[in-house]
Amino acid sequence: LTPDDISIRGLYRGDALFSARFDATSRSYRYRIAAGDARPVLAWDHAWWYRGGLDVAAMQEGAACLVGEHDFKSFCKMSSAIGKPTCRNVIEVSFEREGALGEEHIAFTITGNAFLHSMVRTIVGTLVEVGAGRRDPEWVLEVITACDRRAAGPTAPARGLCFMDVAYDDGALTACP
């Protein structure tokens, strides 16, 4: 009953008032970047091909500024921030190198209590500005404090973003037999 790109690995039941969106305590996303001169052949549909090198250590330093409770208005689509709260708590950020079938990627993982529209992709675009050497890592903190979308970097393409995990309080869900 599902399309080929969806695989069901388990079923869980919540009570009548359970909301998959509003009862979540955290969510994790991973964004993959294939940085280099050659376009990825096998990962073209699930990684952003960034032509050139990136300083991952500088990106990690900039990303560290994101951890904690902040107003992330600078990182969301401007129209979606009108009259809505934009404070979120980023719990963890990390970078790692991944390799699959001979292609190497930079994987950025971010976990938070909630995310704004286009927030993760705008964070990635901002961190790429740092990794490309166009901005210093400290600039990320300036972007946060500006509370203005125009202060941040570009929005990274959607193809690199993958929703990885969602967490709920213990007992919120019961596994179906």
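One can find the structure itself at the top, above this paragraph.
Read on for an overview of the structure. (Residues numbered from 1 in each chain as written. Predicted model: local features only at pLDDT ≥ 70, side-chain atom pairs only at ≥ 80, totals over all residues. Heavy atoms only, no water.)

## Overview of the pattern of salt bridges
One pass over the full model with this rule turns up five salt bridges. With a closest N to O distance of 3.1 Å, glutamate 129 and arginine 134 form a salt bridge. Beyond isolated ion pairs, a larger network of salt bridges with shared partners links Arg30, Arg32 and Glu98. (Salt bridge = Lys/Arg side-chain N within 4 Å of Asp/Glu carboxyl O.)

## Examining helix 1 (residues 56-64)
Within the sequence span of helix 1, burial applies to Val56, Ala58, Met59, Gly62 and Ala63. Looking down the long axis of helix 1, one finds its buried residues gathered within 155° of arc, a one-sided arrangement. The backbone nitrogen of alanine 57 lies 3.2 Å from a side-chain oxygen of the residue at the head of helix 1, namely aspartate 55. (Buried < 20%, exposed > 50% of the residue type's maximum accessible area, 1.4 Å probe, protein only. Helix = DSSP H or I, 4+ residues; strand = E, 2+ residues; numbered from the N terminus. Arc of directions from axis to C-beta. Polar contact = N/O pair within 3.5 Å; in protein donor to acceptor, adjacent residues only side chain to side chain.)

## Description of the pairing of strand 6 (residues 103-112)
For strand 6, the buried fraction is high: nine of the ten residues fall into the buried class. Sheet topology note: the strand 2 (residues 24-36)/strand 6 ladder contains seven bridges and is antiparallel. By the bridge assignment, arginine 30 is partnered in strand 6 with threonine 109. Two elements, strand 5 (residues 87-100) and strand 6, share ten bridges in a ladder whose sense is antiparallel. When the bridges of strand 6 are listed, glutamate 92 appears paired with threonine 111. The loop that links strand 5 with its antiparallel partner strand 6 comprises two residues; one of these, leucine 101, has a positive phi angle of about 50°. (Pairing = 2+ DSSP bridges.)

## Considerations on a nonpolar patch on the surface
A contiguous nonpolar patch, built from Ile6, Ile8 and Leu11 and spanning about 310 Å² of accessible area, is present on the exposed surface. Of note, leucine 11 is situated in the segment before strand 1 (12-13). Given a relative accessible area of 54%, leucine 11 falls into the exposed group. (Patch = residues over 30% accessible without salt bridge, like charges linked within 9 Å, V, L, I, M, F, W, Y side chains within 5 Å. Areas by Shrake-Rupley, 256 points an atom, 1.4 Å probe, with all protein chains shown as cover.)

## Overview of the nonpolar core
Ile33, Phe75, Phe108, Ile110 and Val124 are the most contacted members of the largest nonpolar core, which has 36 residues in total. Looking at this core, the elements that each hand over two or more residues are strand 2, strand 3 (48-51), helix 1, strand 5, strand 6, helix 2 (119-131) and helix 3 (139-146). Among the elements that line this core, the one with the most residues is helix 2, at seven residues. Not counting chain neighbours up to four residues away, the residues in contact with valine 124 comprise Tyr31, Ile33, Trp48, Phe108 and Ala156. (Core = buried A, V, L, I, M, F, W, Y, C linked by side-chain atoms within 4.5 Å. Contact = heavy atoms within 4.5 Å.)

## Quick notes on the packing of aromatic side chains
Applying the stated criterion across every chain, the model contains seven aromatic pairs. Ring centres of tyrosine 31 and tryptophan 48 lie 6.3 Å apart, and the angle between their planes is 85°; on these two criteria the pair is classed as edge-to-face. With tyrosine 31 in strand 2 and tryptophan 48 in strand 3, this pair connects stretches of sequence that are 17 residues apart. Take tyrosine 31 and tryptophan 48: they sit in the same class, and that class is buried. Taking the centre distance of 5.9 Å and the plane angle of 85° together, the rings of tryptophan 48 and tyrosine 50 count as edge-to-face. This pair shows no difference in class: tryptophan 48 is buried, exactly as tyrosine 50 is. Grouping aromatic residues by their ring pairs yields a cluster made of Tyr29, Phe115 and Phe163. (Phe/Tyr/Trp six-rings, centres within 6.5 Å; stacked < 30°, edge-to-face > 60°.)

By themselves these figures say nothing about function.
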